[in-house]
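What follows is the residue order along each chain.
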Amino acid sequence: MSNEKTIHFGGLNALRFFSAFAIIVYHCSLNIQDGLPSALKMLFHNLTLGVDMFFLISGFLIVYLLLSEKEESHKISLAKFYIRRILRIFPLYFLIIGIAWLQYRESIPPIVYHRSLYFATNFWMISANSWTMGILNPLWSLCIEEHFYLVIPVLVLFIPLRRIHLLFWFVILVSIGFRLYATLTIQYNWFTIYLHTLSRCDVLAIGGLLAYYRRFYDFSARFSSLVLGCLFTYLILLMSIVDSSDYTTITFSVLKKYLFIAPMFLFFIGFILNKNEENKIISWLKSKRLIDYFGKISFGLYMFHTPVLEYLIPYHFINDFFIVKLISVSILTVLVSSISYELFEKKILRLKTKFEIIKSA
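Computed from a prediction, not measured in an experiment: that's the story for all the values here.

Colleague: Kindly report on the packing of helix α1 (residues 12–29) against helix α13 (residues 257–272), identifying the contributing residues and their values.
Modeller: Orientation of α1 relative to α13, taken along the N-to-C sense of each, is 140 degrees, at an axis distance of 10 Å. Comparing the axis directions of α1 and α13 gives the class oblique. In contact with L12, A14 and L15 of α1, α13 contributes F267, F268, F271 and I272.

Colleague: Give a description of the packing of aromatic side chains that names residues and reports values.
Modeller: What describes a pair of aromatic rings is the distance from one ring centre to the other and the angle between the planes of the rings. As enumerated under the stated definition, the model contains 35 aromatic pairs in all. Ring geometry for F54 versus Y302: centroids 5.8 Å apart, planes at 65 degrees, classification edge-to-face. Taken together, the positions of F54 in helix α3 (residues 50–73) and Y302 in helix α16 (residues 298–312) put the pair 248 residues apart, joining distant regions of the chain. The class for F54 is buried, based on a relative accessible area of 13%. Given a relative accessible area of 6%, Y302 falls into the buried group. Centre to centre, the rings of F55 and W140 are 6.3 Å apart; their planes meet at 85 degrees, and the pair counts as edge-to-face. You can see F55 sitting in helix α3 and its partner W140 sitting in helix α7 (residues 139–158), a full 85 residues away along the chain.

What counts, and where the lines are drawn
Residues numbered from 1 in each chain as written. Predicted model: local features only at pLDDT ≥ 70, side-chain atom pairs only at ≥ 80, totals over all residues. Heavy atoms only, no water. Axes fitted to C-alpha atoms, helices over the stretch in contact; angles between N-to-C directions. Helix = DSSP H or I, 4+ residues; strand = E, 2+ residues; numbered from the N terminus. Parallel < 35°, antiparallel > 145°, perpendicular 65-115°, else oblique. Contact = heavy atoms within 4.5 Å. Phe/Tyr/Trp six-rings, centres within 6.5 Å; stacked < 30°, edge-to-face > 60°. Buried < 20%, exposed > 50% of the residue type's maximum accessible area, 1.4 Å probe, protein only.

The following block contains the structure:
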């Protein structure tokens, strides 16, 4: 961290960018996955784990800021917290809903847009047991984060600081218990386990748990470039062999995800909380302004890549060639996200700073 008043974790933007890019690659590859060799097909299929990295980042950063605020001021301003979240999430979220409504307002069967308006897209998909149109599909993860943001600050406010770690352990256990319950009682449980807030909130809680140990015990690591490289290689190999979203048995439904979350968690620690100043990989990535900028616009990358994909689908000379499609979608998404960030989001983010109690960079 740079100083006592401003909280900054170098490398978060790089992780945000790579997580968003993983989702972009996944969606661009959907129409060619069946024709790929099995290992490559599985690797592309598992790129949805980029969402879990987003959850880990969000849980860590939001909880760290809440803990810092409570420790320094002995309270948490819930009003200011919710205003900050509204200013960060709502503009792009509702813009995407507006774009979807303009394009699909006369679709048959009709789209239940009001569910998205109050952040229930994931529950709507669960009840329908299917995805909706591509533009709205990514909103499910934003709904889960908003549910987390709605509840956790209140609990952090009223639970004594030194016992807050028990809250996150409890959330993790509740999530495990919910997946067990869903597996035993719901016949077609895939959408429930994949999309339900109680099923996915454990990764946000793991991020919160790490924030607790970082804030009160100055938790860190000393990972060399070799260790980080081994963690990354292990994760890629695992993603090439094992389906992270296979829920066909109780063990798979309840525990398999942690095979992937564990190396991601260790990689996150090694990347963000690494005291090894000689780690060349981390130093190089943190020094690249372009990667840092892509991280700043990563929310836009995540939100805008599906409208861009929808726009390009009719162009067969793009859609039928994966590399051309990936490059085209990436360039257009970066362009749209940059325009949105510079002309729209940045102005709102300046307003958001007026409601900050703990400054973050």
